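The chain contents come next:
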Amino acid sequence: MKAIYIVLAIILLVSASGFAKTDFNHQLAMVQKSWASVNYELQDDAQEKAFEALLKDCQALVAEYPKKAQSHIWYGIVQSSYAGVKGGLGALGLAKAAKSELEAAIAIDESALGGSALTSLGTLYSKVPGWPIGFGSDKKAEKLFHRALKINPSGLDINYFYAEFLYHEKNYKKALKHLQLAKQASAREGREKADFYRQQEVDMLIAKVEKKLTHKR
């Protein structure tokens, strides 16, 4: 099994590193597809190496298209995803870097990619430790989630991540409402793999929420 992960990592490193001079949308699609594979299908050293390669691609994308909110969004998403995998002090540095990229995206166009920068930044604020260790803040997280919901009220990611936040706040009924919206979200073209795995996460969280609601009756 480990050999399979290593082979897949090598394929991703070759395909995702060093963009050919293609148009922005194609480069962005490559990042999105690579992220889904790295985030969901790799483990351990293979995953870390693939994330490091993907970070370089995102850095190159931002350098080539600094005024595109989407390039900053995906740089921030990859940094924050890698932070979750890495853990420890290194994770906090990645989270801070992701925060800067997502704030840059919001400054350019907060509605880009269905408000993804707002959703991702809200998720960061909800998961990073608060002061004095980190910048985490549940109040800021909730405000960002609300802004994202105004832009994309039926979106898969915003409803899932807001539901996850509500679950940890023990607001189970409201969490279930947003999970049901996530289940009904329209499929995203080119994001089939990400949608498949996110819907699995939605199902797992629904089971946890329903268990909590059953115990409260």
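Refer to the structure above for everything that follows.
Numbers given for residues are sequential positions, taken from 1 along each chain in its written order. In keeping with the model being predicted, local features are shown solely for residues with a pLDDT of at least 70 and side-chain atom pairs are shown and tallied solely at 80 or more, while totals for entire chains, interfaces and linings include all residues. Hydrogens and waters are ignored; side-chain quantities use all the structure's heavy atoms.

### Description of the packing of helix H6 (residues 116-127) against helix H7 (residues 138-151)
Consideration 1: An axis is simply a line fitted to the C-alpha atoms; with a helix, the fit covers only the stretch in contact. Between two such axes, the angle follows the N-to-C directions and lies from 0 to 180 degrees. Secondary structure follows DSSP: runs of H or I at least 4 residues long count as helices, runs of E at least 2 residues long count as strands, and numbering of each begins at the N terminus. At a minimum axis separation of 8 Å, H6 and H7 run at an interaxial angle of 160°. Relative to H7, the element H6 is oriented roughly antiparallel. H6 and H7 meet at a crossing whose hand is left-handed. Contacts between H6 and H7 involve Leu-118, Thr-119, Leu-121, Gly-122, Thr-123, Tyr-125 and Ser-126 on the former and, on the latter, Asp-138, Lys-140, Ala-141, Leu-144, Phe-145, Arg-147, Ala-148 and Ile-151. Throughout, the term roughly parallel applies to angles under 35 degrees, roughly antiparallel to angles over 145, roughly perpendicular to angles from 65 to 115, and oblique to all others. It is the rotation of the near helix from the far one that decides the hand of a crossing: anticlockwise by less than a right angle makes it left-handed, clockwise makes it right-handed. Contacts were defined at the residue level, with two residues in contact if any of their heavy atoms lie within 4.5 Å.

### Examining H7
Consideration 1: A helix is expected to span 1.5 Å multiplied by its residue count minus one. If you check H7, its first and last C-alpha atoms are 20 Å apart, about what 14 residues at 1.5 Å a residue would give, namely 20 Å.
Consideration 2: Lining the buried residues of H7 we find H6, helix H8 (156-168) and helix H9 (172-183).

### Quick notes on the pattern of salt bridges
Opposite charge on two side chains permits them to pair, given that their charged atoms come into close proximity.
Consideration 1: When a carboxyl oxygen of Asp or Glu is within 4 Å of a side-chain nitrogen of Lys or Arg, the pair counts as a salt bridge. With the rule as written, the count across this model stands at 10 salt bridges.
Consideration 2: Arg-188 is paired through a salt bridge with Asp-157; the nearest N and O atoms lie 3.0 Å apart. One end of the pair, Arg-188, is in the loop between H9 and helix H10 (192-216); the other, Asp-157, is in helix H8, with 31 residues separating them in the sequence.
Consideration 3: Here's how the labels work: a residue is buried when its accessible area is under 20% of the maximum for its type, exposed when over 50%, partly exposed in between, all with a 1.4 Å probe on protein chains only. Owing to a relative accessible area of 24%, Arg-188 belongs among the partly exposed residues under this scheme.

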